[in-house]
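Residue-level structure breakdown
Spelled out from the first residue to the last, the chains are:
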Number of protein chains: 2
Amino acid sequence: MKNFTFQNPTKLVFGKGQIAKLSNLIPADASLMITYGFGSVKKNGVYDQVVDALKDRKYIEFWGIEANPHVETLRKAIDLGKENNIDFVLAVGGGSVLDGTKLIAAGIANDKDAWDIVLSGYAKEQINYASVMTVPATGSEMNSGAVITRAETKEKYSFGGIKYPYFSILDPEVTYSLSEHQVACGLADAYTHVLEQYLTTPNQSRIMDRWAEGILLSIIEIAPKIKANPHDYNLMADYMLAATLALNDFIRMGVTEDWSTHMIGHELTALHGITHGHSLAIVMPGTMRVMKEQKWDKLLQYGERVFNIVEGSDSDKIDKAIEMTELFYRSLGLTTRLSEENIGEETIQTIANRFNERGFALGENKNVTGDVTKRILESSR
Amino acid sequence: MKNFTFQNPTKLVFGKGQIAKLSNLIPADASLMITYGFGSVKKNGVYDQVVDALKDRKYIEFWGIEANPHVETLRKAIDLGKENNIDFVLAVGGGSVLDGTKLIAAGIANDKDAWDIVLSGYAKEQINYASVMTVPATGSEMNSGAVITRAETKEKYSFGGIKYPYFSILDPEVTYSLSEHQVACGLADAYTHVLEQYLTTPNQSRIMDRWAEGILLSIIEIAPKIKANPHDYNLMADYMLAATLALNDFIRMGVTEDWSTHMIGHELTALHGITHGHSLAIVMPGTMRVMKEQKWDKLLQYGERVFNIVEGSDSDKIDKAIEMTELFYRSLGLTTRLSEENIGEETIQTIANRFNERGFALGENKNVTGDVTKRILESSR
């Protein structure tokens, strides 16, 4: 096991009716701004719940944080926050609203331009922020990372090392209004987050392995049931908790991590607008195929413990595990091949060039270069 | 899934050589007291590491916190802390030193007598405290509970609702000096902590179930290996992390809990000095036998997923799971029957009377009364 430091101070407030606790959760003296997307929260009743919970509080609102939040939009929110001496931001929405809000919280507390904060990879100062999470997927509600897009150059970068959310409210009932595609992308995102932390170096931590497998098994079990019954409270609660636990540091104690699939997927989103979770469903099977030798032992363990694959040669078992992974993503209703999204050689070369120019060497062994990335994408044609 | 709130802000600093970071972890302006047991830390080198790490800091020491810490001893530490305006306590030792230190941290910040703090169940004010944990077992290094003994009346009470440790340093190498009996009791303690949170109401949370089973499987796997090789770093790291994760709120999100075995076990410790983990090995199989009907579904699941018991009638499978549990405790080198410890009817009646007098109704369904406790202990004769 590797040495590690773990600290995740976010208060998770989980369950039915918890949005009503908002006013007690936000510090009494907070100068508050609430951030939103484009109004889906007005259709599903979340906005009304928030307004009702905060009827005795003063706050300003910022609307219009888009999917894959644009730094261009966030700069406007930062300016608004600075003008109003905001010291606490509440994100009400999905992972994009919250990721954008993380940059807003850093931008308000810094003189740097927001994109420079993203590029520098962390922000020394930030004001506090919190969330009412409405789309289980990114895990952003209980971690210190965010992914921001610069629309003018079609670039998408992750940054971390920022404060954890002060609190996050997760009410599974707010997920009832999600579309089947949103749920599919959310499940694919959570599933892939786990694989990025699990399909790496073998024999590092028995419990981290078991916990990762436990989330994977749970997601595989609930996915078809949710399709059949998307308003089942316990199913949606399992889904919502799975998304949080898939990326809140709980399954990365003392183990190496990969994240090359995410970095490649971000490019597909930046260049072609593919929804984040969907992009991972396309890239991850390719990563498994190309990195098969390096991930050999872990792929074997994954196949046996998650898909009960015990017959055949080790190589055959691994191939079967990769096939089952791709079939799982497809069972969600997602495509898993670039050709299905009309993405071809030009994009593959663009991404490989970008990674080579940036000097990227990704993955648990820092060997996924632009050229390896090209092989991964070719494998996902 | 039940509604829940989760927040665990403890900083976990895990791995080889981490004690050297002590000075950076303790606030620079802290008025520091360090608490110890009886000197085993001087034999295993931990004391020297702590002294070396804090050579530029001023502090006072308090020695002599015993196993199952006595409120009579802790009152002396509280007085010493008050006299010296201590505002930060560092516990260096096992769960008893740390549990005692939790009461010290509360006692220094309160005018109440220490035993009144225990009986009231929580302390409104506490100074900060942290730990260098040397005996993986109680999970005290990352939770807000403690168990305190009043020697004069042979009473042992748990209390909670106190601050979490400011940080805890866990270096698996410090476990190399533990005796086989200490490791056995530590593994039994961690294993039973998981069962108290798992063998309850079925179908509450898929991931909590999987995570609990993941810790149980890991402990079962490492136990014989540690016996054969107690200086294997990765094994001891798995053991140390298992003990922490077994009782740091991570596997209790949205689920009911039992804890009747613990409450009964505390009595065996208070009345007969049985080591805590050992007391649980005696009581838990009895709890399973007596509560078989109530825990039916979960016992079946436990048997299948943890011990791979798939043959026979459901009742037979459950009996087999209970038998395997008792055999696991015995495989650690612990006795599992009261008669093996020369404990008889008199003690059973004393415990039943105590629970009836206190009006106890324990367990996930609040139905483990003094009379049920008597049946559990009779079953463990």
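Residues numbered from 1 in each chain as written. Chains lettered and ligands numbered in written order. Predicted model: local features only at pLDDT ≥ 70, side-chain atom pairs only at ≥ 80, totals over all residues. Heavy atoms only, no water.

A short note on the overall build of chain A
On a plain count of helices and strands, chain A comes out with 15 helices and eight strands. By the compact-globule yardstick of 21 Å for 381 residues, chain A fits well, its C-alpha radius of gyration being 20 Å. The principal-axis extent of the C-alpha atoms belonging to chain A is close to 65 × 45 × 45 Å. A total of 381 residues make up chain A; the buried ones form 62% of that total. Considering only contacts in chain A between residues 6 or more positions apart, those separated by 24 or more positions represent 78%. If the 39 positive side-chain charges of chain A are averaged to one point and the 49 negative ones to another, these points end up 2 Å apart. (Helix = DSSP H or I, 4+ residues; strand = E, 2+ residues; numbered from the N terminus. Rg over C-alpha atoms; globule rule 2.2 N^0.38 Å. Buried < 20%, exposed > 50% of the residue type's maximum accessible area, 1.4 Å probe, protein only. Contact = heavy atoms within 4.5 Å. Lys, Arg positive; Asp, Glu negative; His and termini not counted. Charge placed at Lys NZ, Arg CZ, Asp CG, Glu CD.)

Thoughts on the domain arrangement of chain A
Residues and elements named next belong to chain A. In terms of domains, chain A is made up of domain 1 (11-174) and domain 2 (178-379). For domain 1 versus domain 2, the separation of C-alpha centres amounts to 26 Å. With 28 residues of domain 1 at the contact, the number on the domain 2 side is 26 residues. The contact between domain 1 and domain 2 buries some 2200 Å² in all, and 62% of this surface belongs to carbon and sulfur atoms. Among the residues of domain 1 in contact with domain 2, Pro136, Lys154 and Lys156 are the three that bury the most area, contributing 27% of the side total. Linking domain 1 with domain 2 are eight residue pairs in polar contact (both at pLDDT 80 or more). Of all elements in the fold, only strand 1 (4-14) and strand 7 (155-159) reach the threshold of two or more residues within the side of domain 1 that touches domain 2. With four residues, strand 7 is the largest single contributor of residues to the side of domain 1 that touches domain 2. By residue class, the composition of the side of domain 1 that touches domain 2 is 13 nonpolar, eight polar and seven charged. (Domains from an automatic or database assignment. Buried area = accessible area lost by both parts, 1.4 Å probe. Polar contact = N/O pair within 3.5 Å; in protein donor to acceptor, adjacent residues only side chain to side chain. Nonpolar A, V, L, I, M, F, W, Y, C, P; charged D, E, K, R; others polar.)

Examining the relation of the copies chain A and chain B
With an axial shift of 0.0 Å and an RMSD of 0.0 Å, the rotation relating chain A to chain B amounts to 180 degrees. Taken together, the rotation and translation relating the two chain copies correspond to the operation of a two-fold axis. Every residue of chain A has its C-alpha some distance from the rotation axis, and the shortest such distance is that of proline 9 of chain A, at 2.1 Å. Of the residues that chain A buries at the interface, 98% are likewise interface residues in chain B, meaning the two copies contact each other through the same surface. (Least-squares fit on C-alpha atoms with pLDDT ≥ 70 in both.)

With respect to the packing of aromatic side chains
According to the stated counting rule, one finds 36 aromatic pairs over all chains in the structure shown. A centroid spacing of 5.5 Å and a plane angle of 90 degrees characterise the contact between phenylalanine 88 of chain A and tyrosine 166 of chain A, whose relative ring orientation is edge-to-face. On the criterion of sequence distance, the pair formed by phenylalanine 88 of chain A in strand 4 (residues 88-93) and tyrosine 166 of chain A in the loop between strand 7 and strand 8 (167-170) is long-range, its members being 78 residues apart. Ring centres of phenylalanine 88 of chain B and phenylalanine 167 of chain B lie 6.3 Å apart, and the angle between their planes is 25 degrees; on these two criteria the pair is classed as stacked. In this pair, phenylalanine 88 of chain B sits in strand 4 (residues 88-93) while phenylalanine 167 of chain B sits in strand 8 (residues 167-170), placing the two residues 79 residues apart along the sequence. As far as the burial class goes, phenylalanine 88 of chain B and phenylalanine 167 of chain B line up, both buried. An aromatic cluster is present here, built from Phe6, Trp211 and Phe250 of chain A together with Phe6, Trp211 and Phe250 of chain B joined pairwise through their rings. Over the aromatic face of tryptophan 63 of chain A sits the side chain of lysine 42 of chain A, whose NZ or CZ is 4.7 Å from the ring centroid. (Phe/Tyr/Trp six-rings, centres within 6.5 Å; stacked < 30°, edge-to-face > 60°. Lys NZ or Arg CZ within 6 Å of the ring centre and 35° of its normal.)

Examining the interface of chain A and chain B
In this assembly, 42 residues from chain A lie in contact with 41 residues from chain B. Of the roughly 3800 Å² buried where chain A meets chain B, counting both sides, 58% is carbon and sulfur surface. Taken as a group, Met1, Arg206 and Trp211 of chain A account for 20% of the area that chain A buries against chain B, more than any other trio of residues on that side. Along the contact surface separating chain A from chain B lie six salt bridges. With its nearest N and O atoms 4.0 Å apart, the salt bridge here joins arginine 210 of chain B to glutamate 221 of chain A. In this structure, the connection of chain A to chain B is made through 15 residue pairs in polar contact (both at pLDDT 80 or more). Per element, the largest residue contribution to the side of chain A that touches chain B is twelve residues, and it comes from helix 8 (residues 206-228) of chain A. In terms of residue class, the side of chain A that touches chain B is built from 23 nonpolar, eleven polar and eight charged. Here strand 1 of chain A runs beside strand 1 (residues 4-14) of chain B; their pairing, made up of seven bridges, is antiparallel. For leucine 12 of chain A, the partnering residue across the bridge sits in strand 1 of chain B and is phenylalanine 6 of chain B. (Salt bridge = Lys/Arg side-chain N within 4 Å of Asp/Glu carboxyl O. Pairing = 2+ DSSP bridges.)

Concerning the packing of helix 7 (residues 180-198) of chain A against helix 8 of chain A
All names here are of chain A. Orientation of helix 7 relative to helix 8, taken along the N-to-C sense of each, is 165 degrees, at an axis distance of 9 Å. The pairing of helix 7 with helix 8 is recorded here as roughly antiparallel in orientation. Here helix 7 and helix 8 pass one another in a crossing that is left-handed. Note on element contacts: helix 8 touches helix 7 through Asp209, Ala212, Glu213, Ile215, Leu216, Ile219, Ile220, Ile222, Ala223, Ile226 and Lys227, opposite Glu180, Val183, Leu187, Ala190, Tyr191, Val194, Leu195 and Tyr198. (Axes fitted to C-alpha atoms, helices over the stretch in contact; angles between N-to-C directions. Parallel < 35°, antiparallel > 145°, perpendicular 65-115°, else oblique. Left-handed = near helix turned anticlockwise from the far one by under 90°.)

Some words on the confidence of the model for chain A
When pLDDT is averaged across chain A, the result is 97; 100% of the residues are at 70 or more. At the level of chain-chain contacts, confidence expressed as ipTM amounts to 0.97, with global pTM at 0.98. (pLDDT = per-residue confidence, 0-100.)

What about unusual backbone geometry?
Residue and element names in this part refer to chain A. Not every positive phi belongs to a glycine, and asparagine 68 is a case in point at roughly 50 degrees. Inspection of the secondary structure puts asparagine 68 in the loop between strand 3 (59-62) and helix 4 (71-83). Overall, asparagine 68 belongs to the buried group, its relative accessible area being 19%. In this structure, asparagine 85 takes a positive phi of about 50 degrees despite not being glycine.

Regarding the sheet that holds strand 8 of chain A
The strand order across the open sheet formed by twelve strands is 3(A)-2(A)-4(A)-5(A)-8(A)-1(A)-1(B)-8(B)-5(B)-4(B)-2(B)-3(B), and the pairing between neighbours is mixed. Sheet topology places strand 3 of chain A together with strand 3 (59-62) of chain B at the edges, where each strand pairs with a single neighbour. Strand after strand, the sheet turns through a mean of 20 degrees between neighbouring axes, direction not considered. Pairing between strand 2 (residues 32-35) of chain B and strand 3 of chain B: four bridges, direction parallel. Following the sheet pairing, methionine 33 of chain B is matched in strand 3 of chain B by isoleucine 60 of chain B. Along the sheet face, helix 9 (residues 233-245) of chain A touches strand 1, strand 5 (128-133) and strand 8 of chain A together with strand 1 of chain B and points at about 150 degrees away from the line of strand 1 of chain A.

Here we look at the environment of glycine 17 of chain B
All names here are of chain B. Mapped onto the secondary structure, glycine 17 falls in the loop between strand 1 and helix 1 (22-25). For glycine 17, a relative accessible area of 42% translates into the label partly exposed. Taking the C-alpha atoms as reference points, glycine 17 and leucine 170, 153 residues apart in sequence, are found 9.5 Å from one another.

Structural notes on the pattern of salt bridges
Evaluation of the coordinates by the stated rule reveals 42 salt bridges over all chains. Here glutamate 155 of chain B makes a salt bridge to arginine 150 of chain B, at a shortest N to O gap of 3.8 Å. Here arginine 252 of chain B makes a salt bridge to aspartate 249 of chain B, at a shortest N to O gap of 3.2 Å. Each of Arg206 and Arg210 of chain A together with Glu221 and Asp238 of chain B takes part in a single network of salt bridges with overlapping partners.

A closer look at the nonpolar core
Side chains of a nonpolar character, in soluble globular proteins, are inclined to be buried together. One finds Leu22, Leu90 and Tyr302 of chain A together with Leu22, Leu90 and Tyr302 of chain B to be the most contacted residues of the largest nonpolar core, which totals 230 residues. Tyrosine 302 of chain B has contacts with Tyr191, Leu195, Tyr198, Leu199, Leu216, Met288, Phe307, Ala321 and Thr325 of chain B, leaving out every residue within four places of it along the chain. (Core = buried A, V, L, I, M, F, W, Y, C linked by side-chain atoms within 4.5 Å.)

Focus: the side chain of glutamate 141 of chain B
Relative to the helices and strands, glutamate 141 of chain B resides in the loop between strand 5 (128-133) and strand 6 (146-150). Not counting the four nearest positions on each side in its chain, glutamate 141 of chain B is found in contact with Thr10, Leu98, Ser131, Met133, Pro165, Ser168, Leu170, Ala243 and Thr244 of chain B.

Overview of the pairing of strand 8 of chain B
All names here are of chain B. Judged by which residues are buried, strand 8 turns out to be covered on both faces: Phe167 and Ile169 on one side and Ser168 and Leu170 on the other are all buried. Relative to strand 8, strand 1 runs parallel, the two being bridged by four bridges. Across the sheet, residue phenylalanine 14 finds its bridge partner in strand 8, namely leucine 170. Here three bridges tie strand 5 to strand 8, and the two strands are oriented parallel to one another. Across the sheet, residue methionine 133 finds its bridge partner in strand 8, namely leucine 170.

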